[in-house]
Structure formats: structure tokens, C-alpha cells
Protein chains: 2
Amino acid sequence: MAEALRLAEEARGRSAPNPNVGCVVVSPAGRIIGRGATASGGRPHAEAVALKQAGTRAEGATVYVTLEPCAHASDRGPACTDLLLARKPARVVIALKDPDPRTAGKGINRLRRAGIEVSLGTGRDAAKRSLAGWLTRLNLGRPRITLKLALSIDGKIALPSGESKWITGEDARRHVHLERARSDMILVGRGTYLADQPRLDVRLPGLEQSAPRRALLTRGEAVDGWETLGNPRDVYRLHDVNDLLVEGGSATATAFLSEDLVDRILIYRAPIIVGEGKSSFGYVGLDAIADAHDRWRLVDEQRLGVDRLEVYERAARD
Amino acid sequence: MAEALRLAEEARGRSAPNPNVGCVVVSPAGRIIGRGATASGGRPHAEAVALKQAGTRAEGATVYVTLEPCAHASDRGPACTDLLLARKPARVVIALKDPDPRTAGKGINRLRRAGIEVSLGTGRDAAKRSLAGWLTRLNLGRPRITLKLALSIDGKIALPSGESKWITGEDARRHVHLERARSDMILVGRGTYLADQPRLDVRLPGLEQSAPRRALLTRGEAVDGWETLGNPRDVYRLHDVNDLLVEGGSATATAFLSEDLVDRILIYRAPIIVGEGKSSFGYVGLDAIADAHDRWRLVDEQRLGVDRLEVYERAARD
């Protein structure tokens, strides 16, 4: 299942609008005989890829998949449940049940009725985390929104002049590129677009093809090759984006925070003091310190060279 | 030696102007038969306390001490080397040699000439860390200066109104009180004094007596019970302070940073976003991002409830 989860993460950023799923087929002797992750654009599904690789050896094998196999065929491809029924594995281990109440359990039931042993729950929490983008879209009607910032110890993003190259180092920047590769769309504000002419591409070996869609937050003129959002609430119109990465600047970040449209914040913290400089955010609607608490939870931190990544998640909204 | 180091840390904040030393006497069978830490005001020394406890059982025992025993008697007390020679331990284990080149090695030589085995270096790095305040005063002519701040994720210390109660929680505040107990003097600026009327006491069970000296950074009127510094550079006049804790506010912190008079920064980071608010620091003299790097090193971090403590140390100054 760990391998299936790893494959699921690789598919994040390319599987939209479908969920990013991972699937592994293991022979009775314990050897991996098939691997699959949701392909670009969402089809074929992970199970289809893995089962094709395993071929006839899938019979009697164990299949690990991070999300309940779909039970309905569509224009775009067969139902994975049907593919599994045809290949007759002995057992299917599923991390997460289909969260859609209209279809939940259907794949599982069909497999069991055919005599295939189905086990549910292994790696469930990890699967939920890897599917956070798609699940957010299912539950909230908009992508999961991640805000990314490079900050000094004292929370500055630049000198008063606007100079910010470079607050954080190489390792941090590589991590940002990886996060871009795993996003379906990247958004910046017009200020950042004009000041930095950002390429917003993924400059990592092997991942150069994964440049996500680029969007500009602006009420003004559109830009060639970039989609436009006039307002943060326009994210509710992005029906085929699971993970949206907001890369700033300060006005854009403030706008999203003010509307409480941020689910996750990636702070790349440099061990430097800027002193007088541009703050991360402007007025986000906070009028009393007491109201600031219990909104964010530090869920992960790691060293990236001399810098540090702090990952905060939005606590459950009331 | 670990126990001796622990005792040394307990003496920090009360031993000034003397170094905070810890000493443990262990019988040949391996039992601790004497313990001592430098007493309030600097005398008696740790070795004197520990040897008194051990009494005649110190003969043939092993003595662990975090700093080379002093070799010269003074008005205030006998030389620890003489006390050791009188008690005849078999072995003396010293973490750190006397850093003063005029006296370094004298205690060690006298012990060895008397046939006592002396070993040097166990726990040396830890001993240096515990003596950082005293060593700074010896080397730089001023106390080690620690700056303490409670900050939001975005580096704010308060709302625009100045409201800051409470950015961080109970666990963080307890840690601050412990840091006060281990300091010889606490300093705030007049702004903080007027706004908060801070007590700057130590509200921890058993440590209520350790309230350090209080100082005000001001060019104006002195305050009863508080010492006065007119300028950060006045720290060079504090000959009997090993550890100075600067508790803010923003103007005071900025003044010390501008003069490069901060050796260590304790950031108590709350998982909250303030948005528009008071920044940690003003202009500290930085004109280019490139100059900000390589000044601070993250040396420790720990969770304190939902908050986090980040400890930065000043990298070696050129």
C-alpha cells in the first residue's frame, strides 16, 4: 500500500479532474507484478494501468489500491471493478472508500459478490492526505488551495524596495518546483506578474512536462497563455482543478486569506532578519488576537538546506 | 558529567559574576556522594559545596566538574584546587579548561603534581554552551545577550492597536519564565514598560526567588527598582552580568539588532496569522537581501503546546 500511495502522489497534479490514485498488484509469492497511477488527464485509471502490466498473472494475486475502484463505465473508459472481475485477483485491499455517497460501496459489493476478498482501511489516513485536493473539490465545490510564501524570521517577503531575490535557497526552491508539479494550477496576482514575469514552470529533471496551468488574479486585461480569475471566489468555477497553488504576492495572499479561501500554507522560512520590509499580508479581517487562534495547525516541518519548511493546515471550519 | 552539567544550568542566573559551574563526587562503587552548583552571588563554588557534602568519602572518589577548578584563593573563599588536594580524590574529570590564558591549566597542573589523575574534555561542548554567558563576558567584555519575542506566523508582535494578549500560550510563557530565572538581568524599553507595566518576575514553583535584576532602556527618567541603560552599548558597563535577556518591545529589539548586540534569539512562534499588525523590527541596517544571509543559525526548536520555540544563534562575526 505504501508503494500505491507513492504512485498516487506522483499522479497528483496531472490526474485532474479525476482523483490521483495508485495501484499495485502483488503475486502470491509477494512480488510486485504490476504498478499504476492515474494517467495525465485522468484516464486510464491506476487499476487499468497496473492490471495491464500484470496481465494474466493478476489471477489469484493481491491488488492494493488507494481509492475504491469505480463501478461505472463511461465514455472515457471501462469501470475498474469490471477490469478486476475479469482478472480474478484473490484479494483487493482498498485504503479509502469512495467518498461520494451515491456510489460508495458499489465497487466493493460487486467484488465481494464475485467471491473476491475485499479489505478496507489500510493506509486510509495517508490516502485521504494524498487525495486532499480532489476530496476538497468534492466536499467544498472548489479546489484545495495552498498558499506558498518565502519569509524571513520576522515575516518579511522583501525589502521596502521590493527586492526579494533570494530570501530562500536552492533546496527550498527545488521543493517549490515539486509542489508546482503536483498542482493543477498556479495563481499569482498582477503585481507579481508585472514585477517578476514569473515562468512558474517546473525546473526539475524528469518533471519538465508537468508545468501546470497558470492563472492571474486580476480585474484587468487577460494575458496570453494565462487564465484569469477576477476574484478569489472564482475558484468555485474551477471544476477541473483539484489542487490550486497560490504563489503570491502579498495582495493576492491577503485577498484569499480574507475570504478564508486557504486550506494549507507552505512557509519557506529563511534564517534571516530583514527588519524594515514588506510584510507577508495586509488586513485579513482580524480585529482581536483571540480570534486568530485555532485556525491553523502546524502539520509538518522539515529542513531544506539552511531554510525550513513549515506546513500549516486550516483547522476544521465551524 | 551529565548531572554536573544539569547542576551548572541551575546555577545560571544566580552565579554572576562568577561562572555557573556544576560538580558531582562519585564513589568508587559508582554512587553520587556529593553534588554542588555555584551558589547565589558566585560563592561558594560548586566544588566546595559538593566536597562538603561528600566529606571524607571524597578520598579515592572521582570528581566531575564542568570547569577547571580555580587555583587561587581570594577574599571570598579558598581555591577549589586546594580543597581538592585536601580531600585527595583519585581522579578529577574536567569538561572545560579555564579559558583565561593567565590561569588556564594551573589547577590541572597542581592536581597532577599531587598524583591525582586528571582527564579533560568530557562534555566540553555542553559545558561551553552552559557557560555561554560568562564566556561571552570574558571574550567580548559584555554579557551574552538574548532577545526574546512572541511572533505570529507572519512575524507580527501585535495588532495595529498594540493588542498582543496573548499571542502565545501557557507552555510558551512557562518557558519564558524559566529563561528569566536563568538570566542575570532583564531589559525592556520604556514603551513596553509604560504599556505593560511588566513584572518580569519568575512565576514558576520553586523559582520565585530567582527574579533577576530589571533594567530599562531609556534616556529619560529612571524608575524605582530598575537600573537604567541609555543606549544598547551600555552593556559594556555591566561587569557583573553574564546573561542579559532583552524582552522587547520592537524599538528596543531593533536598537540592539542595529548595533549587532544580539547573540541569541528566542522566537516563540504561535500558529496564527495576524495580517495587518505591528512588525517585529524596524530598520536594522539591512540594505540588500544578500547581506542578510549567514548571520543566524537555527540551533534548536521544540514544541511548546501549540506554539513552537525557534532558537537562533548569531554566526561567528567576522
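Residues numbered from 1 in each chain as written. Chains lettered and ligands numbered in written order. Predicted model: local features only at pLDDT ≥ 70, side-chain atom pairs only at ≥ 80, totals over all residues. Heavy atoms only, no water.

All right, on to the pattern of salt bridges then. Here the idea is simple: oppositely charged side chains can pair when their charged atoms come close. Counted under the stated rule, the structure contains 60 salt bridges over all chains. Where B:Glu117 meets B:Arg91, a salt bridge forms, and the shortest distance between an N and an O atom there is 3.9 Å. Linking B:Glu117 in strand S5 (residues 117–120) with B:Arg91 in strand S4 (residues 91–96), this pair joins segments that are 26 residues apart in sequence. Where B:Arg213 meets B:Asp240, a salt bridge forms, and the shortest distance between an N and an O atom there is 3.2 Å. Separated by 27 residues along the polypeptide, B:Arg213 in strand S9 (residues 213–217) and B:Asp240 in the loop between strand S10 (227–229) and strand S11 (243–246) bring together distant segments of the chain. Salt bridges sharing partners connect three or more residues here, namely A:Arg269, A:Glu301, A:Arg308, A:Glu310, B:Arg269, B:Glu301, B:Arg308 and B:Glu310. (Salt bridge = Lys/Arg side-chain N within 4 Å of Asp/Glu carboxyl O. Helix = DSSP H or I, 4+ residues; strand = E, 2+ residues; numbered from the N terminus.)

Time to look at the relation of the copies chain A and chain B. Once chain A has been moved 0.0 Å along the axis and rotated by 180 degrees, it coincides with chain B to within an RMSD of 0.0 Å. In symmetry terms, the pair is related by a two-fold rotation axis. For chain A, the smallest separation between a C-alpha atom and the rotation axis is recorded for A:Gly155, amounting to 2.0 Å. (Least-squares fit on C-alpha atoms with pLDDT ≥ 70 in both.)

Residue and element names in this part refer to chain A. Look at helix H3 (residues 80–87) against helix H4 (residues 106–113): their axes get within 10 Å of each other, and the N-to-C directions meet at 15 degrees. Between H3 and H4, the angle falls in the class roughly parallel. For the crossing formed where H3 meets H4, the hand is right-handed. Two secondary-structure elements touch here, H3 through Thr81, Asp82, Leu84 and Leu85 and H4 through Gly107, Arg110 and Leu111. Grouping the amino acids of the contact of H3 with H4 by side-chain chemistry returns three nonpolar, two polar and two charged. (Axes fitted to C-alpha atoms, helices over the stretch in contact; angles between N-to-C directions. Parallel < 35°, antiparallel > 145°, perpendicular 65-115°, else oblique. Left-handed = near helix turned anticlockwise from the far one by under 90°. Contact = heavy atoms within 4.5 Å. Nonpolar A, V, L, I, M, F, W, Y, C, P; charged D, E, K, R; others polar.)

Turning to the pairing of strand S1 (residues 22–26) of chain A, a few remarks are in order. All names here are of chain A. Most of S1 sits out of view: five of its five residues are buried. Burial along S1 is two-sided: Gly22, Val24 and Val26 and Cys23 and Val25, pointing in opposite directions, are all buried. Of the pairings in the sheet, the one linking S1 to strand S2 (residues 32–37) comprises five bridges and is antiparallel in character. Looking across to S2, one finds that valine 25 is bridged to glycine 34. (Buried < 20%, exposed > 50% of the residue type's maximum accessible area, 1.4 Å probe, protein only. Pairing = 2+ DSSP bridges.)

A few words on the domain arrangement of chain A. Interfaces are frequently sized by the accessible area removed from exposure as the parts join. Residue and element names in this part refer to chain A. Each assigned domain of chain A is listed with its residue range as follows: domain 1 (2–130) and domain 2 (142–314). Taking only C-alpha atoms into account, the centre of domain 1 sits 33 Å from that of domain 2. For the pair domain 1 and domain 2, the summed buried area comes to about 750 Å², and 36% of that belongs to carbon and sulfur atoms. Contact with domain 2 buries area across many residues of domain 1, yet Arg12, Gly13 and Ala16 alone supply 65% of it, more than any other trio. Across the salt bridge formed by arginine 12 and aspartate 243, the nearest N and O atoms sit 3.4 Å from each other. In this structure, the connection of domain 1 to domain 2 is made through seven residue pairs in polar contact (both at pLDDT 80 or more). (Domains from an automatic or database assignment. Buried area = accessible area lost by both parts, 1.4 Å probe. Polar contact = N/O pair within 3.5 Å; in protein donor to acceptor, adjacent residues only side chain to side chain.)

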